[in-house]
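Topology and contacts: notes
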Amino acid sequence: MADKPTREDVLRLARRHWLRTGRLDVGQLARHCGLGRATLFRWFGSRDLLLAEVLWSLAEPTLLRAEREVAGQGPARIAAVCERSLRLMNGFEPLRRFIAEDGERALRLLTSRASPVQARTIANLRQLLERETNERWQPPLDSGTLAYLIVRLGESFLYATAISGQAVEIADVAVAVELLLSGRVGTDRIAAKS
């Protein structure tokens, strides 16, 4: 550790520790870095918000990797990116362990406004939707609304066991996302919206 550790140094150390143990002890982390607990709380806000930053530091590269690995364009590509990212997350043992051991906290940090993870995921997906929009495909809803709905849909698949005890097939998320992106609704709904 450098003489004066930065916020990023602390985050890297917290990530390594969480990946190894599944836990974060702010006091131990502060001592290891030669900082006061107050500094860590000033930088991150709370232990849960520090953990949220750790989770996002793992989620963001996963989302970007899924985008790089999936070819195509438009709704089919968006659906495939969603499926690929959920498969990567579902196969990530530290995340599965966290959900199994502390499901309520995991869901609060991953799926609510109690942390920045969900908002950043929505922003990431909104950018993807906007990049995929062109003269051949226009989103059926505002990209922010659509990104929110797709993220909530993905969360329903990824955390199905923790939320409801149901087993679901991750592959089905692509079908569900494509249906959402198709914009197909009954003509009476279109008339009512006008």
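Residues numbered from 1 in each chain as written. Predicted model: local features only at pLDDT ≥ 70, side-chain atom pairs only at ≥ 80, totals over all residues. Heavy atoms only, no water.

**Some thoughts on the overall build of the protein**
What the protein contains, in helices and strands, is 12 helices and zero strands. Counted from the first residue to the last, the protein has its helices and strands arranged as α-α-α-α-α-α-α-α-α-α-α-α. Oriented by its inertia axes, the alpha-carbon framework of the protein measures out at about 65 × 35 × 35 Å. Within the protein, the fraction of its 194 residues that count as buried is 44%. Counting only carbon and sulfur atoms, one obtains 50% of the accessible surface of the protein, whose full area is about 11,000 Å². Of note, the protein has its 29 positive side-chain charges centred 5 Å away from the centre of its 23 negative side-chain charges. (Helix = DSSP H or I, 4+ residues; strand = E, 2+ residues; numbered from the N terminus. Buried < 20%, exposed > 50% of the residue type's maximum accessible area, 1.4 Å probe, protein only. Areas by Shrake-Rupley, 256 points an atom, 1.4 Å probe, with all protein chains shown as cover. Lys, Arg positive; Asp, Glu negative; His and termini not counted. Charge placed at Lys NZ, Arg CZ, Asp CG, Glu CD.)

**Digging into a nonpolar patch on the surface**
Taken together, Leu141, Tyr148 and Leu149 make up a surface patch of nonpolar side chains, about 230 Å² in accessible area. Mapped onto the fold, Leu141 is located in the loop between α8 (117-132) and α9 (143-158). Judged by relative accessible area, which is 33%, Leu141 ranks as partly exposed. (Patch = residues over 30% accessible without salt bridge, like charges linked within 9 Å, V, L, I, M, F, W, Y side chains within 5 Å. Salt bridge = Lys/Arg side-chain N within 4 Å of Asp/Glu carboxyl O.)

**Remarks on the side chain of Gln118**
Examined against the element boundaries, Gln118 turns out to sit in helix α8. Every residue in contact with Gln118, bar those within four places of it in the chain, is listed here: Leu110, Thr111, Ser112, Val151, Arg152 and Glu155. (Contact = heavy atoms within 4.5 Å.)

**Notes on the pattern of salt bridges**
In this structure the tally under the stated criterion is 14 salt bridges. Arg108 is paired through a salt bridge with Asp48; the nearest N and O atoms lie 2.6 Å apart. Taken together, the positions of Arg108 in helix α7 (residues 103-111) and Asp48 in helix α4 (residues 47-69) put the pair 60 residues apart, joining distant regions of the chain. Take Arg108: its relative accessible area is 33%, and that puts it in the partly exposed class.

**Quick look at the nonpolar core**
Grouped together as the largest cluster of nonpolar side chains are 55 residues, with contacts concentrated most on Ile78, Leu125 and Leu129. Top element by residues in this core is α4. It accounts for 10 residues. In this view, Leu125 contacts Ile78, Cys82, Ala147, Ile150 and Val151; residues no more than four positions away in its chain are not counted. (Core = buried A, V, L, I, M, F, W, Y, C linked by side-chain atoms within 4.5 Å.)

**What to know about the environment of Arg184**
With respect to the element layout, Arg184 can be found in the loop between α11 (172-182) and α12 (187-193). The spacing of Arg184 and Pro140 is 44 residues in sequence and 8.4 Å in space, taken between C-alpha atoms.

**Thoughts on helix α2 (residues 26-33)**
Listed in full, the buried residues belonging to α2 are Val26, Gly27, Leu29, Ala30 and Cys33. Taken end-on, α2 shows its buried residues confined to a sector of 165 degrees, consistent with a single buried face. Structural note: α2 exposes Arg31 and His32 on the side pointing more than 90 degrees away from its buried face. Those residues of α2 that are buried are in contact with α1 (7-21), α3 (37-44) and α4. At the N-terminal end of α2, a side-chain oxygen is found 3.0 Å from the backbone nitrogen of Gly27, two or three residues along, and the residue is Asp25. Positive backbone phi, approximately 70 degrees, marks Gly34, located one or two places after α2. (Arc of directions from axis to C-beta. Polar contact = N/O pair within 3.5 Å; in protein donor to acceptor, adjacent residues only side chain to side chain.)

**Remarks on the packing of helix α5 (residues 74-90) against α9**
Where α5 contacts α9, the axes come no closer than 11 Å and their chain directions differ by 40 degrees. The two elements α5 and α9 cross, and the hand of that crossing is right-handed. In this structure, α5 uses Cys82, Leu86, Met89 and Asn90 to contact α9, whose residues at the interface are Ile150, Gly154, Phe157 and Leu158. (Axes fitted to C-alpha atoms, helices over the stretch in contact; angles between N-to-C directions. Left-handed = near helix turned anticlockwise from the far one by under 90°.)

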